[in-house]
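Examining the three-dimensional arrangement
Listed here are the chains, written in short residue letters.
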Amino acid sequence: MKEVKREKSCGAIVFRHNGSSYDIILLKHKYGGHWSFPKGHVEAGENEFRTATREVKEETGVFIRILNGFREAVEYYPKPDIRKQVVYFLGKAINENLVPQEEEVSEVQWVPIELAGDMVTFANDKRLIRLAKRRLGIAGPSARKNRKYSKSSY
């Protein structure tokens, strides 16, 4: 049996304020055609934050400031002998003009966070959007339904 190779990437769910809600960046990957978040491989000497901010800038043209308190890891097998971990942060956009990286990205756009879950391809990304909404204080119906109440709130 072949040994499983491990890969690591980092990226971010990038947001901006849009009135009383938020938009996030989604991009369509040239290879695979799936909608997801900006991310990429960790390069030698980089930490997770540096990789995430570099990849967002390279793939979208947007600079970000990473928020504290949000670090979510997703693991999957892109091939049977490769186990990939992707660490995502939540990043506030410093600029908003989108410039897609032509080599890897076929499309990039700002999407209202309430609609983004319907656009992303993978279940892991849908879960990340729910977690980002919670971190940003956006409580959808499922968040309210699952909220635990302390004795003082009865």
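For clarity, every value in this text was computed on a predicted model and none was experimentally measured.

1. Structural notes on the overall build of the protein chain
Tallying secondary structure elements over the protein chain gives four helices and seven strands in all. Listed N to C, the secondary structure of the protein chain is β-β-β-β-α-β-β-β-α-α-α in terms of helices and strands. Counting all 154 residues of the protein chain, 42% fall into the buried class. When contacts within the protein chain are restricted to residue pairs at least 6 apart in sequence, long-range pairs at least 24 apart make up 68% of them.

2. Section: the pattern of salt bridges
Evaluation of the coordinates by the stated rule reveals 13 salt bridges. In this structure, the salt-bridge partner of Arg-16 is Glu-96, at a minimum N-O distance of 3.2 Å. With a gap of 80 residues between them, Arg-16 in strand E1 (residues 5-18) and Glu-96 in the loop between strand E6 (82-93) and strand E7 (105-112) connect regions that are remote in the sequence. Salt-bridge contacts for Glu-43 lead to Arg-54; the nearest nitrogen and oxygen are separated by 3.5 Å. Within this pair, whereas Glu-43 is found in the loop between strand E4 (39-41) and helix H1 (48-60), its partner Arg-54 is found in helix H1, the two being separated by 11 residues in sequence. The exposure class assigned to Arg-54 is buried, which follows from its relative accessible area of 8%. Sharing partners across several salt bridges, the network here consists of Glu-43, Glu-46, Arg-54, Glu-55 and Glu-58.

3. Some thoughts on the pairing of E1
Within a regular beta strand, the side chains point alternately toward one face of the sheet and then the other, so they alternate between its two faces. Sheet topology places E1 next to E6; 11 bridges connect them, and they run parallel. Residue pairing in the sheet places Phe-15 in a bridge with Lys-92 of E6. With three bridges connecting them, E1 and E4 associate as antiparallel partners. Paired with Ser-9 across the two strands is His-41, which belongs to E4. Of the pairings in the sheet, the one linking E1 to strand E2 (residues 21-29) comprises four bridges and is antiparallel in character. Bridged to Phe-15 within E2 is Ile-24. From the end of E1 to the start of E2, which pair antiparallel, there are two residues, and Gly-19 there has a positive phi angle of about 65 degrees.

4. A short note on the environment of Asp-23
Secondary-structure assignment places Asp-23 in strand E2. On the basis of relative accessible area, Asp-23 is assigned to the buried category, the value being 4%. Taking the C-alpha atoms as reference points, Asp-23 and Pro-112, 89 residues apart in sequence, are found 4.2 Å from one another. The residues contacting Asp-23, other than those within four sequence positions of it, are Val-14, Phe-15, Arg-16, Asn-18, Trp-110, Val-111, Pro-112 and Ile-113. At a separation of 3.0 Å, a polar atom in the side chain of Asp-23 contacts the side chain of Arg-16. A polar contact is formed between the side chain of Asp-23 and the side chain of Asn-18, at a distance of 3.1 Å.

So, how was this worked out
- Residues numbered from 1 in each chain as written.
- Predicted model: local features only at pLDDT ≥ 70, side-chain atom pairs only at ≥ 80, totals over all residues.
- Heavy atoms only, no water.
- Helix = DSSP H or I, 4+ residues; strand = E, 2+ residues; numbered from the N terminus.
- Buried < 20%, exposed > 50% of the residue type's maximum accessible area, 1.4 Å probe, protein only.
- Contact = heavy atoms within 4.5 Å.
- Salt bridge = Lys/Arg side-chain N within 4 Å of Asp/Glu carboxyl O.
- Pairing = 2+ DSSP bridges.
- Polar contact = N/O pair within 3.5 Å; in protein donor to acceptor, adjacent residues only side chain to side chain.

Fair warning: the whole summary comes from geometry, so function is off the table for now.
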